[in-house]
Amino acid sequence: QVQLVESGGGLVQAGGSLRLSCAASGRTASISAMGWFRQAPGKEREFIAAIKWNGVITHYADSVKGRFTIFRDNAKNTVYLQMNSLKPEDTAVYYCAGRSLLADVSSRASDYRDWGQGTQVTVSS
């Protein structure tokens, strides 16, 4: 099993930046891909970005392309989400998630087995 812990959320003004971190522990050798999702009140969980754990493949939702960047530090077993030019509509709880067993990146939440507890991001106008 893999344990995921997010950090870095907070309150920021529109146009500002935040960097979220997702630290993995446990059976990290089994991780094949990691993703970031978010969920705003009353809305479904939404895909943001994903990255192949041991490669350079990344995938982004259209809503964040050019503003958000996903990258990883394998030595630290950590995946990051750099968020720039934040908008009020980016306000949500952000979750990281992991896939294993040589799985590829995916935008479907149901494809991810391991989930963090989430971190709140609030963007004020």
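Above this text sits the structure in question.
Being a predicted model, the structure only gives us computed values, none of them experimental.

A. Representation of the nonpolar core within the structure. Of all hydrophobic cores here, the largest spans 36 residues; its most connected members are Trp36, Leu81, Met83 and Tyr94. For this core, the secondary structure elements donating two or more residues are β1 (2–7), β3 (18–26), β4 (31–39), β5 (46–52), β7 (68–73), β8 (78–83), β9 (92–100) and β11 (119–124). Contacts of Tyr94, omitting those with residues within four sequence positions, involve Glu6, Leu20, Trp36, Phe37, Arg38, Ile48, Phe68, Leu81, Met83, Gly118, Thr119 and Val121.

B. Main features of the side chain of Glu6. Mapped onto the elements, Glu6 comes out in strand β1. Put simply, Glu6 is tucked away with no salt bridge, and the nearest opposite charge, on Arg45, sits 7.6 Å away. Looking at Glu6, its side chain comes within polar contact range of the main-chain nitrogen of Gln117, at 3.0 Å. A distance of 2.9 Å separates a polar atom in the side chain of Glu6 from the backbone nitrogen of Gly118.

C. Structural context of the environment of Arg72. Examined against the element boundaries, Arg72 turns out to sit in strand β7. On the accessibility criterion, Arg72 (26% relative accessible area) is partly exposed. With 36 residues separating them in the primary sequence, Arg72 and Arg108 have C-alpha atoms 20 Å apart. At 3.0 Å, the side chain of Arg72 forms a polar contact with the backbone oxygen of Trp53.

D. Expanded view of the pairing of β1. Of the two faces of β1, only the one carrying Val2, Leu4 and Glu6 is buried; Gln3, Val5 and Ser7 on the other face are not. Relative to β3, β1 is paired through six bridges, and the arrangement is antiparallel. For Glu6, the partnering residue across the bridge sits in β3 and is Cys22.

E. Up close: unusual backbone geometry. For Asn77, which is not glycine, the phi dihedral falls at a positive 50°. Among the secondary structure elements, Asn77 is positioned in the loop between β7 and β8. The exposure class assigned to Asn77 is partly exposed, which follows from its relative accessible area of 23%. A positive phi angle, close to 50°, is found at Ser85, a residue other than glycine.

F. Broad picture of the pattern of salt bridges. In the structure shown here, the tally under the stated rule is six salt bridges. Linking Lys65 and Asp62 is a salt bridge whose minimum nitrogen-to-oxygen distance equals 3.3 Å. Residue Asp62 is classed as exposed on the basis of its relative accessible area of 65%. Here the salt bridges do not stand alone but share partners, grouping Arg38, Glu46, Arg67 and Asp90 into one network.

G. Spotlight on the sheet that holds β3. Across the sheet, which stays open at both edges, the four strands sit in the order β1-β3-β8-β7 with antiparallel pairing between neighbours. Of all the strands in the sheet, just β1 and β7 have a single pairing partner and so form its edges. Across the sheet, the mean angle separating the axes of adjacent strands is 20° when strand polarity is ignored. Where β7 lies against β8, six bridges are found, and the strand directions are antiparallel. Its bridge partner lying in β8, Arg72 is registered against Val79.

Criteria and thresholds
Residues numbered from 1 in each chain as written. Predicted model: local features only at pLDDT ≥ 70, side-chain atom pairs only at ≥ 80, totals over all residues. Heavy atoms only, no water. Core = buried A, V, L, I, M, F, W, Y, C linked by side-chain atoms within 4.5 Å. Buried < 20%, exposed > 50% of the residue type's maximum accessible area, 1.4 Å probe, protein only. Helix = DSSP H or I, 4+ residues; strand = E, 2+ residues; numbered from the N terminus. Contact = heavy atoms within 4.5 Å. Lys, Arg positive; Asp, Glu negative; His and termini not counted. Salt bridge = Lys/Arg side-chain N within 4 Å of Asp/Glu carboxyl O. Polar contact = N/O pair within 3.5 Å; in protein donor to acceptor, adjacent residues only side chain to side chain. Pairing = 2+ DSSP bridges. Axes fitted to C-alpha atoms, helices over the stretch in contact; angles between N-to-C directions.

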